[in-house]
Amino acid sequence: AGEFADYAADDIARVAGDDAVAALAAQGRDVVDMFAVLTDADVAGRRYAPGKWTVKEVLGHLIDDERIFCYRLLRVARGDGTPLPGFDEKLFAVNGEAEHRPLRDLVAEYVAVREATLALLRALSPAAWTRRGVVNDYEASARGLAFHIAGHELRHVAALSSLYRIDSLTTGAATAG
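Novice: Would you explain the layout of surface pockets in this entry?
Specialist: Rolled over the atoms, a probe as big as a water molecule pinpoints where empty space is left. In this model, the largest pocket occupies a volume close to 470 Å³. Taken together, 25 residues line the largest pocket, and the ones lying closest to its centre are Trp-53, His-61, Glu-89, Arg-155 and His-156. Contributing elements (two or more residues each) for the lining of the largest pocket: α4 (55-77), α5 (89-96) and α8 (142-162). Top contributing element to the lining of the largest pocket by residue count: α8, with six residues. Split into classes, the residues belonging to the lining of the largest pocket amount to 12 nonpolar, seven polar and six charged. Counted as a void, the second largest pocket has a volume near 160 Å³.

Novice: Hey, could you run me through the environment of Leu-169 in this one?
Specialist: Here Leu-169 is to be found in the loop between α8 and α9 (171-176). Taking relative accessible area as the criterion, Leu-169 reaches 10% and is therefore assigned buried. As for Leu-169 and Ala-41, which are separated by 128 residues in sequence, their C-alpha atoms are 9.4 Å apart.

Novice: Got a minute to help me understand the environment of Gly-151 in this structure?
Specialist: Within the fold, Gly-151 resides in helix α8. On the basis of relative accessible area, Gly-151 is assigned to the buried category, the value being 0%. Sequence spacing of Gly-151 and Asp-10 is 141 residues, and the spatial spacing of their C-alpha atoms is 8.0 Å.

Procedures and definitions
Residues numbered from 1 in each chain as written. Predicted model: local features only at pLDDT ≥ 70, side-chain atom pairs only at ≥ 80, totals over all residues. Heavy atoms only, no water. 1 Å grid on protein atoms, 1.4 Å probe; cavity = no way out; pocket = protein on both sides within 12 Å on 5 of 7 lines; lining within 4 Å. Points joined across faces, edges and corners; volume = space filled by probe spheres on them. Helix = DSSP H or I, 4+ residues; strand = E, 2+ residues; numbered from the N terminus. Nonpolar A, V, L, I, M, F, W, Y, C, P; charged D, E, K, R; others polar. Buried < 20%, exposed > 50% of the residue type's maximum accessible area, 1.4 Å probe, protein only.

In structure tokens:
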């Protein structure tokens, strides 16, 4: 508590354990495995409700959000006291144009971003993890921002499973049903 935005508490509570690096490494493998069995045809235009993001847009959002939170984490961990602004996730989703990209390219970008995040986190000293800064008008630590990345992803992965039902979208399931 006090190391991340109040609004992220429920997301962060989803993260198992107290090691953000281990959680993000495991989650990264799970996300890649989840998308590995899907094709562009399986997810094309797939939304769980009108006006909601498509499956590809959700993946694009995870990529963008991780980049932004990792940048914030870097600034905080390095002791930069400059307040950091928020961002408009809806604008990013529209202009990211994820729906028009091949799924395999989005997954490859996700992997690259996750590997960069893990490399940064593994290099942080114990002191860097607890440094604090102001992010989007709230105080956060580098550790809190790392857990935010993990918890935010878990919320969206749960939605992909429960609302988008991507577990049932594999080519084999689509042709069998």
